Structures are given as C-alpha cells and as structure tokens.
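# Descriptive analysis of the structure
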Amino acid sequence: MDGAGLSDRERRALSAIEDHLKHDRSLDRLMRFTRLRHRVMAASVLGALTVALLVAASVTVSLPLIWGFAAAWTLTVVTALPLVGDWARRRWQRREQVSRP
C-alpha cells in the first residue's frame with residue numbers, strides 16, 4: 001500500500017474476516033496453547049538459569065553472581081507463578097466437575 005488506506009469495501013471485508021476469526025474456537029484454542037507453551041518454555045529456561053547461578057554463586061561466593069541469582073530467581077517466580085495459578089485453577093475446576101453428581 002502507498003498510504004492511501006483501505007476502501008470501504010476492504011474495511012467491511014476485513015471486519016467480516018476478523019469477526020469470523022473471533023468466533024473460531026479451534027483457532028482460539030491453538031493460540032492459547034501456543035502462548036502457554038512459550039510461557040512454560042520461558043519459565044523452564046529461567047529456572048535452569050537460576051539453578052546454574054545458585055550453584056555458581058555458592059561455589060565462588062561472588063557478589064555479582066549472588067545478585068544475578070537474586071534477579072533470575074525473582075524473574076522465575078514472576079514468570080512461573082501465573083502458570084502455577086492457572087494449573088491449580090484448572091485442576092480445581094476439574095475436581096469440582098467430577099465430584100458433582
């Protein structure tokens with residue numbers, strides 16, 4: 001595009017496509033799973049980094065490594081806590097559904 005913008009017909013077509021995609025459950029499920037997978041991967045990498053920094057800081061007793069561990073641990077907790085909360089909520093909901101007669 002050369003900066004002219006969308007015509008009315010193109011805007012209506014785009015709006016119809018967006019409306020259709022908003023109601024597509026399989027696409028929504030796929031997008032949620034992809035985001036979740038990325039968050040789990042980030043938490044795992046941060047967890048491994050945190051453990052490595054803990055070991056290195058314990059062995060060398062280096063102040064920069066100790067502060068690095070503290071920062072990595074904080075990021076790991078902030079990243080993993082919502083994942084654990086979502087997991088616990090889903091597990092609780094499943095348990096309530098099973099216990100209902």
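Residues numbered from 1 in each chain as written. Predicted model: local features only at pLDDT ≥ 70, side-chain atom pairs only at ≥ 80, totals over all residues. Heavy atoms only, no water.

### Describing the overall build of the chain
This is how the line gets drawn: The secondary structure listing takes helices from DSSP runs of H or I that are at least 4 residues long and strands from runs of E that are at least 2 residues long, numbered from the N terminus. With C-alpha atoms as the basis for the radius of gyration, the globule rule is written as 2.2 Å multiplied by the number of residues raised to the power 0.38. Relative accessible area decides the class of each residue, using a 1.4 Å probe on protein chains only: under 20% of the type maximum gives buried, over 50% gives exposed, and in between gives partly exposed. Residue exposure ignores everything except the shown protein chains as possible cover, and the areas themselves are Shrake-Rupley values with a 1.4 Å probe. Only four residue types enter the tally: Lys and Arg on the positive side, Asp and Glu on the negative side; His and the chain ends are excluded. Charged groups are reduced to one reference atom each: NZ for lysine, CZ for arginine, CG for aspartic acid, CD for glutamic acid.
A count of helical and extended segments in the chain gives three helices and zero strands. The secondary structure elements of the chain, listed N-terminal to C-terminal, are α-α-α. For the chain, the C-alpha radius of gyration of 23 Å lies well beyond 13 Å, the compact-globule estimate for 101 residues. Overall, the C-alpha framework of the chain stretches about 65 × 60 × 15 Å when taken along its three principal axes. Counting across all 101 residues of the chain, residues that qualify as buried make up 8%. Carbon and sulfur atoms make up 65% of the accessible area of the chain, which totals about 8700 Å². If you average the places of the 16 positive and of the 9 negative side-chain charges in the chain, the two averages end up 12 Å apart.

Treat this as a map of the structure, not an account of what it does.
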